[in-house]
Amino acid sequence: ELLRIDHVGIAVADLDEAIRFYGETLGLRCVHQETNDEQGVREAMLAVGDDTGPRIQLLAPLRPDSAIAKFLDRSGPGLQQLAYTVADVEAAADALRARGLRLLYDTPRRGTAGSRINFVHPKDAGGVLVELVEPAGVHRSGD
Ligand code: V0V
């Protein structure tokens, strides 16, 4: 069901400063930037090496009541989520619900670059916020 690691999300206070740090010190290239109002984030996707593997997603808060702002308040900057690519986010969420895990949303929401996303509650996944990502443009029956 999980096809590969899509990205690893890192909470940062200042997106531009973090993009600079990752570029100058680690040589990661920013390949996409977006504001997601519903999620309360400004985010950037960074390519590693030849960009054939998982990306790094930098997540900065838009608002003090957002998930990333709460995370920064509690834990400071650092790893916030692990995201897996799936072919069908509804099917993947249903399968995990059937195994007793709590999904955060009843129906998928919009993620980066037109993807459809849902999350497993970190308390049901060994302390890891697990994201399911169905990339834009994958075929879905019924569309
Ligand atoms: C909270 N907890 C975490 C955690 N956030 N544990 C591991 N990783 C995290 N990221 C722990 C927290 O320490 C508490 O543990 C417990 O979960 C419950 O905390 P809570 O206070 O009830 O819940 P909140 O208000 O901190 O919310 C946590 C959740 C929230 C996960 C429900 O962050 C959420 O809705 N996240 C999903 C949306 C999101 O993260 N959006 C930003 C990325 P103790 O103290 O009880 O032991 S947007 C994105 O990824 C996009 C756009 C994309 O990929 O395309």
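Please read all numbers here as calculations on a predicted model, not as lab measurements. (Residues numbered from 1 in each chain as written. Predicted model: local features only at pLDDT ≥ 70, side-chain atom pairs only at ≥ 80, totals over all residues.)

**Here's the deal with the site of the ligand**
Here is the rule: Note on definitions: a residue is near a molecule or strand provided its C-beta atom, placed from the backbone, lies within 6 Å of it. A helix here means a DSSP run of H or I that spans at least four residues, while a strand means a run of E at least two residues long, and both kinds are numbered starting from the N terminus. Any residue outside Ala, Val, Leu, Ile, Met, Phe, Trp, Tyr, Cys, Pro, Asp, Glu, Lys and Arg is labelled polar, Gly included; the first ten of those are nonpolar and the last four are charged.
Residues in contact with the ligand amount to 26 residues; listed here are only the nearest, A67, G111, T112, P122 and L129. Mapped by element, the contributors of at least two residues to the shell around the ligand are strand 3 (41-47), strand 4 (55-61), helix 2 (67-75), strand 5 (78-85) and strand 7 (116-120). Element by element, the count of residues in the shell around the ligand is highest for helix 2, at five residues. Residue composition of the shell around the ligand, by class: eleven nonpolar, ten polar and five charged.

**Describing unusual backbone geometry**
Quick reminder of the rule: Three exposure classes are used, based on other C-beta atoms lying within 10 Å of a residue's own C-beta, which is placed from the backbone: buried for 20 or more, exposed for 12 or fewer, and partly exposed in between.
The backbone phi angle of D51 is positive, close to 65°, even though this residue is not glycine. Overall, D51 belongs to the partly exposed group, with 13 C-beta atoms counted inside 10 Å. Backbone geometry places A113, a non-glycine residue, at a positive phi of 55°. In this fold, A113 is placed in the loop between strand 6 (109-110) and strand 7. Its 14 C-beta neighbours within 10 Å are what place A113 among the partly exposed residues.

**What about the nonpolar core?**
The nonpolar side chains of a soluble globular protein tend to be buried with one another. Using the following cut-off: To define a nonpolar core, we join buried Ala, Val, Leu, Ile, Met, Phe, Trp, Tyr and Cys residues through C-beta atoms within 7 Å and take the resulting set. Each residue gets a C-beta atom placed from its backbone, and two residues are in contact if those atoms lie within 7 Å.
Core analysis: the largest hydrophobic core is formed by 14 residues, its most contacted members being A11, V12, L46, L58, L59, A60 and I68. At the level of elements, helix 1 (15-26), strand 3, strand 4 and helix 2 are the ones that each hand at least two residues to this core. A60 has contacts with V12, A13, D14, L15, V41, R42 and I68, leaving out every residue within four places of it along the chain. In terms of nonpolar packing, the next biggest core, distinct from the first, is built from 13 residues, V89, A93, F119 and L132 among them.

**Some points on the UniProt feature "domain: VOC" (unreviewed entry) in the protein**
Inclusion rule: UniProt positions are given in the numbering used here, feature names are shortened, and annotations may be inferred rather than shown by experiment.
Here, UniProt's "domain: VOC" (unreviewed entry) annotation points to residues 4-135. Helix makes up 23% of residues 4-135 and strand 38%. Its end C-alpha atoms lie 12 Å apart.

**Concerning helix 1**
Count 3.6 residues to each turn of an α-helix, and residues three or four apart come out pointing the same way. We apply this condition: Expected helix span is given by 1.5 Å per residue-to-residue step, counting one fewer step than there are residues.
Taking 1.5 Å as the rise per residue, helix 1 with twelve residues should run 16 Å; its terminal C-alpha atoms sit 16 Å apart, in good agreement. Taken from the residues just after helix 1, G27 is the one with a positive phi, measuring 75°.

**What to know about the pairing of strand 4**
Note the following rule: In short, DSSP must find at least two bridges between two strands for them to pair.
For strand 4, the buried fraction is high: six of the seven residues fall into the buried class. As paired strands, strand 1 (residues 4-11) and strand 4 are joined by five bridges and run parallel to one another. Its bridge partner lying in strand 4, H7 is registered against R55. Summarising the sheet, strand 3 and strand 4 pair through six bridges and their orientation is antiparallel. Residue pairing for strand 4: M45 is matched across the bridge by Q57.

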